[in-house]
Amino acid sequence: MANNLPSPSRVAYLLRSLNISRVKLYDADPNVLVAFSNTNVDFIIGLGNEYLQNMTDPVKAQNWVLQRVQAHLPQTRITCITVGNEVFKSNDTQQWSNLLPAMQTVYRTLVDLGLDKQVTVTSAHSLDILGVSYPPSAGAFRQDLGEYLHAILNFHAQVKSPFLINAYPYFAYKDNPNEVPIDYVLFQPNQGTVDSITNLKYDNMLYAQVDAVYSAIKAMGHTDIEVRVSETGWPSKGDENEVGATSENAGLYNGNLLKRIEQKQGTPAKPNVPIDIYVFALFNENLKDGPTSERNYGLYYPDGTPVYNIGVQGYLPELVYSSDSTKNALSVFGLLILVIAYLISA
């Protein structure tokens, strides 16, 4: 959500210079997908919440998949479709009811086109789908979402796709800075916490949040569904009441997180499953509504300058203004780009 972002082709160059191998989009803009042809970058593309009702119609779902997925394969490596984003964060129960049928219809379309083995179907959820999150082993979904999530989990188990969550320890710290140790949320050395039920020790909040979701899934009868983090990050700037929103903390959070990703760490409850995390976000967004922090999650300014140092260096080609590049900046990256940098070489 910005009007000053670089064109997709320049961003493709930046990501190649960073050795970033996976990118998550919030839509399926063809300008972006074409710009990343033959770049060996794996893409998660998104179907916005406004499409959910249409995607329950097999004809409309097929048209979308043909135009936004099949048309770009195999040149652009589309590996996953997120159907909806944080649908349960709203109070629109019709959207809640449309989510699973939309996921199922998109999946059946992929099967019909022979694409289901290379493109998975999932959805991304906010962490407030949990009714209980502490201790992690007691994690449980909200009771009002039980029937919806139980059916969605059955779908994931059937098609073997991951369960995605957007997890932000920043919010927990901002809301309770006197109770939540800053080192615990920033992956800094700290005493940690011990789950009183399992005796597993946690040295950071993000892993505890992930394991709480695993526990909630297990409570619904599934042990074979992988949890992945489709968003996490830390703002580099905030309003006066947004405690902790500084460039220093953002650098520590994302820098320390990237080190753990490189080490292929698992969580205490799933030590043999390397964490799979997308970092939010690539660029700051000058048009985003809300408090100052919402416009300052980016790793980079629009000119390609790092907002803070996390130990990686990339290069954005020289900016050339034209009507085309301006149009691309407005239309293409009105979506957000999230990046995972687990193959970064400094």
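Now for a quick tour of the structure. (Residues numbered from 1 in each chain as written. Predicted model: local features only at pLDDT ≥ 70, side-chain atom pairs only at ≥ 80, totals over all residues. Heavy atoms only, no water.)

A few points about the overall build of the chain
Moving on, step 1. When helices and strands are tallied, the chain shows 11 helices and 12 strands.
Moving on, step 2. Compactness check: the chain gives a C-alpha radius of gyration of 20 Å against a globular reference of 20 Å for 346 residues, within 12% of the reference.
Moving on, step 3. On the principal axes, the C-alpha backbone points of the chain span a range of 55 × 45 × 35 Å.
Moving on, step 4. Expressed as a percentage of its 346 residues, the buried residues of the chain come to 54%.
Moving on, step 5. In the chain, once contacts between residues fewer than 6 apart in sequence are set aside, the share between residues at least 24 apart is 70%.
Moving on, step 6. Of the accessible surface of the chain, which amounts to about 15,300 Å², a share of 48% is contributed by carbon and sulfur atoms.
Moving on, step 7. Each charge class in the chain can be summarised by its mean position, and for the 24 positive and 33 negative side chains these summaries are 6 Å apart. (Helix = DSSP H or I, 4+ residues; strand = E, 2+ residues; numbered from the N terminus. Rg over C-alpha atoms; globule rule 2.2 N^0.38 Å. Buried < 20%, exposed > 50% of the residue type's maximum accessible area, 1.4 Å probe, protein only. Contact = heavy atoms within 4.5 Å. Areas by Shrake-Rupley, 256 points an atom, 1.4 Å probe, with all protein chains shown as cover. Lys, Arg positive; Asp, Glu negative; His and termini not counted. Charge placed at Lys NZ, Arg CZ, Asp CG, Glu CD.)

Thoughts on helix H1 (residues 8–17)
Moving on, step 1. Every buried residue of H1 is accounted for by Pro8, Arg10, Val11, Ala12, Leu14 and Leu15.
Moving on, step 2. Just downstream of H1 lies Asn19, where phi reads positive at about 60°.

Topic: the packing of aromatic side chains
Moving on, step 1. What the rule picks out here adds up to 16 aromatic pairs.
Moving on, step 2. Pairing Phe88 with Trp96 gives two aromatic rings, centres 5.6 Å apart and planes at 65°, and the pair type is edge-to-face.
Moving on, step 3. Under the relative-accessibility criterion, Phe88 is labelled buried at 2%.
Moving on, step 4. Geometrically, the ring pair formed by Tyr107 and Phe155 is edge-to-face, given 5.9 Å between the ring centres and 90° between the ring planes. Of this pair, Tyr107 sits in helix H5 (residues 93–112) while Phe155 sits in helix H6 (residues 146–159); the two residues are 48 residues apart in sequence, bridging distant segments of the chain. As far as the burial class goes, Tyr107 and Phe155 line up, both buried.
Moving on, step 5. Here the aromatic cluster, defined as three or more aromatic residues joined through ring pairs, consists of Tyr168, Tyr170, Phe171, Tyr173, Phe187, Tyr207, Trp234, Tyr253, Phe280 and Tyr297.
Moving on, step 6. Over the face of the ring belonging to Tyr26 we find Lys24, whose NZ or CZ atom lies 4.4 Å from the ring centre.
Moving on, step 7. A cation over an aromatic ring shows up here: Lys270 above the ring of Tyr214, its NZ or CZ 5.0 Å from the ring centre. (Phe/Tyr/Trp six-rings, centres within 6.5 Å; stacked < 30°, edge-to-face > 60°. Lys NZ or Arg CZ within 6 Å of the ring centre and 35° of its normal.)

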